[in-house]
Amino acid sequence: MGTKVSKAKQRSPSNSPHPEQHHGTTQAENSSPVGNGVSKDHHSAPKGQPANQMSSQSAAKIVAGCWEKIEQQCAHNQSGTWNSKGKDRVQAGWQEVRVFVSSTFADFHAEREALVKKVFPELREWCEGHQLHLVECDLRWGVPKDSTSQTTISICLEELDRCLKETDGQPFFLAMLGERYGWIPSSEDVSADIRDNFDWVDHLSITHMEVTHGALRPKNPNAAFFLRDPTFLKDIPEEFYGSFVDDDPLCVEQLKELKSRLHLKFPDQTFDYKCNFSDVQAADNKVQLSDLDDFCTQAVEFLKNAFNKKYPEDRLQHDPLSIELLPHDTYMEQRGQLVLGREAEMEKLMQFATGDDVSSSAVPSDSGQTEQGSCPILMVLAQPGTGKSSLMAKFTMEVIQKSDNVLYHFVGCGPDTMDPTNILQRLYKKLHPSGSETEEDNEMSPDQLKEKVQKHLQDFGEKKERLIIIIDAVNQLADQSSTFHLDWLPPTFPSNVRCIVSTTEHPPTLSRLRDRQPPPHELTVPDLDKNTRQDIVTRYFKRYNKALDKEQLELLTSSDGSSNPMWLAITCEELRVYGVFEQVTAKIQSLPPYLEGLLSMVISRVIQEDETRCAEKMLCLLECSQSGLQQTQLLMLLGDPEKATPLPLLTWSQVHRSLKPFLRNTTGHLNLPGMDFCHNSLRQVVQETLLSNQATQQNYHKLLADYYQGQCASQQLVALELPYHLQQAGLHSQLVEFLRKDPRSLKMGMHSRQKYMNAIRCRTYIPPGGFHGGHVAQIVICKMCSMRMQAFTPARTMNKDTCVICGHFTPFKKEQQKVQFCMLHKPPLVAPGQDWCVVCEKPAIALRGRQNDLAYLCVMCSVGISTNRCAKV
């Protein structure tokens, strides 16, 4: 360390003031530090030395005094002065866990970026499965820019104090130390309240004080300390060296002793790690470091273990009902916690759900209880992205506090949730008398289940209880495109059952819901007003102990896009992970005021930061798919399909985590779970930004076609997907080969075969009577070929009875069904009296006076737009 300090002295650009910006805040002018962050009045230098320097002996003496006081506080604290009440208490249900991040700021920009964009997303995903809300306390721009030094110190330590109290004195704490000790506040900077509230120790930097308060005093088992190896410093540009190394003797001595004590006191919680200099980012003039994977891995593993000890898995309920509810509860917690405003909508929903008379409900409708004992449903209607699902989640959170008889179902929160039968089964269990379920109940067909549910609803109508049914996003159900869409929904509900469903303006869904008798009440979700937008933004950032100043808040909520909740939610998250506090205002000004532009910007950032190099490919594959892809398919497509080697699961976890905010669960072929884009705007953005080139599109369709051709085990799925991707890739000859030769194509419906073959058929119209001029041979199937099979279809059908376009069995023929070719595709000239065989593509003559069989099309390939069309494929 001494060598590095000496080098810092030689390379230090100047002796001008260099304020340390701890957690992203610039200190007030009246306490400007000198040298490298040490205030003038912290120590007086001996005669003959610069005012901002002191001897190593003097520094060592001050450090020893500091640690004597710290040790006294530790002994006092660990003897039981901290409130240990409830230390072993384990609470059930969802809990919030806060992780406090402590370090100097300028020299740990790269690590904090890695935490925010790698470590915490992985932990957040893990926490969701353990019913934990993760909140990271990264105060890089959490302190208002005009704050005084006292305010800065208070904000940092009060947030840490909050973490202490929530964890019974043992906060989840992550500290990072390099070669920079940080800003040491002057005596004027530390008010009497701060000294009393936090047992302030003079001559400590804020970072050191945080370590003392959050880890040393409580001997915290949930604290991790990451000490960075200084080897990389030899490679950083000279002008940045002073931002990474302190040369003041007091700072050097304090840092040295702090690291030594951490190793001594927390040997299993102190981690040494290495990194390398990468470059200087031009956009923000920040030093970029590479090879931080070990740092990230150690941080994730330590915090997972710490969370597990504090909130063990046995606190979770593992009965079948709790497991079934888990995805719904997770979705409800995530979506409902930040809903602000919407008071009018919430009141109308609550009045409908809990009120006595829906005909007098605040929800406007032309319908009422048209039949005695019959209650209409309430339909919540909204444009995509306007916060419909968040409103439903918030309402559910509130109504379950007032009623214990609520069935809530969020379509898309898990793979099975999009199956209408799953909703019926849950409703049946809710209505069915407890403990009387039989094996026959579990084996009922959907129709039997519908009948049983309707009967139980009628029986429930005789009771005096109230049942509230909440179903979000019925437009996303697996049957949304079928003729049976919403047939599972009971036609009527008794007056003591209140059913609330939500949907976008999906025409089939709207039509079926509005055709119900009695007609539904309708509640339309409007855009957000400005006051609500400001409340949402303020509350969102407050949760992470951050705040926008008045100018920034006005800029953000005055944007045209901010009236859309989805735009606002994406923007807040984008700003939260933005690490350059000096440029937050400029970042807000750069945000596109419309959803597609914002999504384009965010996707570009995600792709740029994607170390797996799979995010862009996955987005393009999903866009080129017909209805999303299964995880197993994506693993193979993102891996090495030619060698049948799937993407490693660790890599998959990274790419899926980075794209998770843009995805939703879907139900695909055979009701197998899959994933697709959560919003149509994403499709548009991917199409315009990543797939604007036709050749690029065709390459992705070819990749998908190759997968279905050679890797997919499901013949039904091959028949459904392969023709589509061959057509989109422009591989028409391979499409014809598949439809005519591959037995898997027999799994296709005849209409689909006809659609694909006629799409690549010559479009030339042949006038009645055909083309004139010269001898034109008849198009036939010669006697040798007519009794053979499988020329136009893999089915075992004789060629003479097969449509030459789609292969459909065609035993009955009419004149207008005869095969004709245009002048471009007509057969070569043959001798008079000879025909042309369309199968063997040779001249055909009558054998033993027997005429050749004319070639025909089926009815579907010879009518409508196909009438008198050239039959060349």
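Computed from a prediction, not measured in an experiment: that's the story for all the values here.

## Section: the overall build of the chain
- The secondary structure content of the chain amounts to 30 helices and 20 strands.
- Burial analysis of the chain (873 residues in total) assigns 54% to the buried set.
- Of all intrachain contacts in the chain linking residues separated by at least 6 positions in sequence, the fraction that spans at least 24 positions is 76%.
- Looking at the chain as shown, the accessible area adds up to about 39,600 Å², and 49% of this sits on carbon and sulfur atoms.

## Brief notes about the sheet that holds strand 9 (residues 378–381)
- Pairing in this open sheet of 5 strands is parallel, and the strands run 10-11-13-9-14 from one edge to the other. The open sheet has two free edges, formed respectively by strand 10 (406–410) and strand 14 (521–524), since each of these has just one partner strand. Across the sheet, the axes of successive neighbouring strands diverge by a mean angle of 15°, strand direction being ignored.

## Some remarks on the sheet that holds strand 17 (residues 779–781)
- Read from one edge of the open sheet, 4 strands run 19-18-17-20, paired in mixed fashion. Bordering the open sheet on either side are strand 19 (843–844) and strand 20 (853–854), each of which pairs with just one other strand.
- As defined by bridge partners, strand 18 (residues 835–837) adjoins strand 19 across 2 bridges and the pair is classed as antiparallel. By the bridge assignment for strand 19, Asp835 is matched with Ala844.

## A short note on the environment of Lys464
- Take Lys464: it is sitting in the loop between helix 15 (446–460) and strand 11 (467–472).
- Considering only alpha carbons, one finds Lys464 and Asn496, 32 residues apart in sequence, at a separation of 7.4 Å.

## A few points about the pattern of salt bridges
- As enumerated under the stated definition, the model contains 38 salt bridges in all.
- Lys117 is the partner of Glu113 in a salt bridge, and the nearest nitrogen-oxygen pair spans 3.0 Å. Placement of both Glu113 and Lys117 in helix 3 (residues 109–128) is noted, with a separation of 4 residues, approximately one turn of the helix.
- The salt bridge partner of Glu554 is Lys530, with a shortest N-O separation of 2.6 Å. Of this pair, Glu554 sits in helix 18 (residues 550–558) while Lys530 sits in helix 17 (residues 530–543), and the two are 24 residues apart along the sequence.
- Overall, the relative accessible area of 30% leaves Lys530 in the partly exposed class.
- By sharing partners, the salt bridges in this structure join Glu122, Glu125, Glu128, Lys304, Arg657 and Lys660 into a single network.

## Quick notes on the nonpolar core
- Among the nonpolar cores identified, the biggest contains 105 residues, and Met618, Trp652 and Leu659 are the most heavily contacted of them.
- Beyond its immediate chain neighbours, meaning those up to four positions away, Met618 contacts Leu634, Leu638, Trp652, Val655, Leu659, Leu663 and Met675.
- One finds Cys137, Leu157, Trp200 and Leu258 within the second-largest nonpolar core, a separate group that totals 42 residues.

## With respect to the pairing of strand 13 (residues 497–503)
- Most of strand 13 is tucked away: 7 of the 7 residues are buried.
- Inspection of the sheet shows strand 9 paired to strand 13 by 4 bridges, in the parallel sense. The partner of Leu378 across the bridge, within strand 13, is Ile500.
- By the bridge criterion, 5 bridges tie strand 11 to strand 13 in an arrangement that is parallel. Across the sheet, Ile471 pairs through a bridge with Val501, a residue of strand 13.

## Comments concerning the packing of helix 26 (residues 694–710) against helix 27 (residues 715–728)
- Across the interface, helix 26 lies against helix 27 with an axial gap of 8 Å and an inter-helix angle of 150°. Classified by the interaxial angle, the pair formed by helix 26 and helix 27 is roughly antiparallel. Seen from above, helix 26 lies across helix 27 with left-handed handedness. Taken together, the residues of helix 27 that come into contact with helix 26 (itself represented by Gln698, His701, Leu704, Ala705, Tyr708 and Gln709) are Leu717, Val718, Glu721, Leu722, Tyr724, His725, Leu726 and Gln728.
- For the contact of helix 26 with helix 27, the class distribution of residues is 8 nonpolar, 5 polar and 1 charged.

What counts, and at which threshold
Residues numbered from 1 in each chain as written. Predicted model: local features only at pLDDT ≥ 70, side-chain atom pairs only at ≥ 80, totals over all residues. Heavy atoms only, no water. Helix = DSSP H or I, 4+ residues; strand = E, 2+ residues; numbered from the N terminus. Buried < 20%, exposed > 50% of the residue type's maximum accessible area, 1.4 Å probe, protein only. Contact = heavy atoms within 4.5 Å. Areas by Shrake-Rupley, 256 points an atom, 1.4 Å probe, with all protein chains shown as cover. Pairing = 2+ DSSP bridges. Axes fitted to C-alpha atoms, helices over the stretch in contact; angles between N-to-C directions. Salt bridge = Lys/Arg side-chain N within 4 Å of Asp/Glu carboxyl O. Core = buried A, V, L, I, M, F, W, Y, C linked by side-chain atoms within 4.5 Å. Parallel < 35°, antiparallel > 145°, perpendicular 65-115°, else oblique. Left-handed = near helix turned anticlockwise from the far one by under 90°. Nonpolar A, V, L, I, M, F, W, Y, C, P; charged D, E, K, R; others polar.

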